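# Working through the structure, step by step
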Amino acid sequence: MTETSERRADSALRWSIAIHGGAGSMRRETMDEAARAAHEAGLRAALDAGRAVLAAGGTALDAVGAAVAVLEDDPLFNAGRGSVFTYNGINELDAAVMDGTTRQAGAVAGVTHVRNPVRLARAVMDHSPHVLLAGAGAEEFAREQGIELVDPDWFATEERWRQLQELKAKKLGWFDDGLKYGTVGAVACDSHGHVAAATSTGGLTGKRWNRIGDSPVIGAGTYADDRAGAVSCTGSGEQFIRAGVAHEICARMRLAGESAQGAADAVLAEVGTMRGVGGVIVVTPAGETVFAFTTPGMFRGRADHAGLYETGIFGMAGSKD
């Protein structure tokens, strides 16, 4: 399953973390070695940021925020600096965080100046009476909270601009739905058995009308509950919203006693009946981490207190991809 795997023992504390950098059409035969190595390096940097928090006895909430912020600053991933362009040539960013202990959550949508939307989502959770803020109001709150703002040019990478021009030239439809879902996310269980989730995205290339996907929607793209687990999703957002994927996985685990893997596979199969695809990462309060995806690949990684440390891009072991 993994492209890189190694064993590292950090401390006596029990913890685990899993991350994703988006599900999509990645295949071994179409991704060259340089691109593969660059993406794996980005995944390792995010894993290292999250595991450092957990190994020091920090909270799952802090760990997922640290991991996702690293991915937001990496232009290879569709979140933060690597966000794709809307049809009108703007970068609109969404993010969410959720604490499994209290089930408090914070989310933002459609921000255009916030360097790390995941940090603003955390501020919404910690310092406002609300869950979801959007657009100009979210950025007004960011200024009040001292969240770092940047010029929109910070998000304008040449590769994402090329992808938008290609979409427009080919007249592919409402937006780029060609199996490229570049959301990033993290889930973690800390040494106290508490779980948390965080998700961040730049959306879909060529999206219009301030479209918002599942990532900032609590229960759809992001959910955490100490009674079941934490989930971060990546995929065809409209279907993930309609199925309430992240909450549905946790509900099946909590109420039906399903395993994390079984629940994730079952809910993704349900999404498939709606003609949706994508992937999820899940962590349980016992520290189990699982991946599930219905696309050819998903950028992913996980680490734990026992020394597990691995990253992957392509299909699971035994698959044709």
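Preceding this paragraph is the structure being described.
The paragraphs below set out a description of the structure included in this document. (Residues numbered from 1 in each chain as written. Predicted model: local features only at pLDDT ≥ 70, side-chain atom pairs only at ≥ 80, totals over all residues. Heavy atoms only, no water.)

## Quick notes on the pairing of strand 11 (residues 278-283)
Along strand 11, six of the six residues are buried, which leaves the element largely enclosed by surrounding structure. Burial of strand 11 is two-sided: the residues Gly278, Val280 and Val282 facing one way and the residues Gly279, Ile281 and Val283 facing the other way are all buried. Where strand 10 (residues 229-235) meets strand 11, six bridges bridge the pair, whose relative direction is antiparallel. Following the sheet pairing, glycine 235 is matched in strand 11 by glycine 278. Direction of pairing for strand 11 relative to strand 12 (residues 289-293): antiparallel, over a ladder of five bridges. Residue pairing for strand 12: valine 282 is matched across the bridge by valine 290. Hairpin geometry of strand 11 and strand 12 is characterised by an intervening segment of five residues between the two adjacent antiparallel strands and by a positive phi of about 95° at glycine 287. (Buried < 20%, exposed > 50% of the residue type's maximum accessible area, 1.4 Å probe, protein only. Helix = DSSP H or I, 4+ residues; strand = E, 2+ residues; numbered from the N terminus. Pairing = 2+ DSSP bridges.)

## As for the pattern of salt bridges
Applying the stated rule across the entire model yields 14 salt bridges. A salt bridge links glutamate 238 to arginine 211; its shortest N-O distance comes to 2.9 Å. Here arginine 211 lies in the loop between strand 8 (195-201) and strand 9 (222-225) and glutamate 238 lies in helix 6 (residues 237-243), a separation of 27 residues in the sequence. The shortest N-O distance in the salt bridge between arginine 227 and aspartate 225 comes to 2.9 Å. On the accessibility criterion, arginine 227 (43% relative accessible area) is partly exposed. Since its relative accessible area comes to 3%, aspartate 225 is described here as buried. (Salt bridge = Lys/Arg side-chain N within 4 Å of Asp/Glu carboxyl O.)

## Notes on the packing of aromatic side chains
Counted according to the given criterion, the structure contains two aromatic pairs. Judged by centre distance (5.8 Å) and plane angle (85°), the ring pair of phenylalanine 77 and phenylalanine 299 falls under edge-to-face. Here phenylalanine 77 is found in the loop between helix 2 (60-72) and strand 3 (93-99), whereas its partner phenylalanine 299 is found in strand 13 (residues 297-304), with 222 residues between them in sequence. Given the relative accessible area of 1%, phenylalanine 77 is considered buried. The class for phenylalanine 299 is buried, based on a relative accessible area of 8%. One Lys or Arg, arginine 208, reaches over the ring of tyrosine 87 and ends 3.8 Å from the middle of that ring. (Phe/Tyr/Trp six-rings, centres within 6.5 Å; stacked < 30°, edge-to-face > 60°. Lys NZ or Arg CZ within 6 Å of the ring centre and 35° of its normal.)

## A word on the packing of helix 2 against helix 3 (residues 117-127)
The geometry of helix 2 relative to helix 3 is characterised by a closest axis approach of 8 Å and an angle of 150° between their N-to-C directions. With respect to their mutual orientation, helix 2 and helix 3 come out roughly antiparallel. In this structure, helix 2 uses Leu61, Asp62, Gly65, Val68, Ala69 and Glu72 to contact helix 3, whose residues at the interface are Pro117, Val118, Arg119, Arg122 and Met125. (Axes fitted to C-alpha atoms, helices over the stretch in contact; angles between N-to-C directions. Parallel < 35°, antiparallel > 145°, perpendicular 65-115°, else oblique. Contact = heavy atoms within 4.5 Å.)

## Overview of the nonpolar core
In terms of nonpolar packing, the biggest core is built from 48 residues, with Ile17, Ile19 and Leu120 touching the most fellow members. With eight residues, helix 2 is the largest single contributor of residues to this core. Those residues in contact with isoleucine 17 that lie beyond four places of it in its chain are Leu47, Gly50, Arg51, Leu54, Ala63, Ala67, Val187, Ala188, Thr289, Gly301, Arg302 and Ala303. With 36 residues, the next largest nonpolar core counts Ala18, Ala260, Val282 and Phe293 among its residues. (Core = buried A, V, L, I, M, F, W, Y, C linked by side-chain atoms within 4.5 Å.)

## Structural notes on helix 4 (residues 135-145)
Those residues of helix 4 that fall on the buried side of the exposure criterion are Ala138, Glu139, Phe141 and Ala142. Within helix 4, the buried residues cover an arc of 155° as seen down the axis, which keeps them to one side. Away from its buried face, by an angle of more than 90 degrees, helix 4 presents the exposed residues Ala136, Arg143 and Glu144. Packed against the buried residues of helix 4 are strand 4 (105-111), helix 3 and strand 5 (132-134). Within two residues after helix 4, glycine 146 carries a phi angle of roughly 75°, on the positive side. (Arc of directions from axis to C-beta.)

## Things to note about the sheet that holds strand 9
Taken in spatial order, the four strands line up as 9-10-11-12 in an open sheet, and their pairing is antiparallel. The open sheet has two edge strands with one neighbour each: strand 9 and strand 12. Pairs of neighbouring strands in the sheet enclose a mean axial angle of 10°, with direction left out of account. Along the sheet, helix 7 (residues 245-255) contacts strand 9, strand 10 and strand 11; its crossing angle with strand 10, the most-contacted strand, is approximately 145°. Packing against the sheet, helix 8 (residues 260-273) makes contact with strand 11 and strand 12, and its axis sits at approximately 20° to strand 12.

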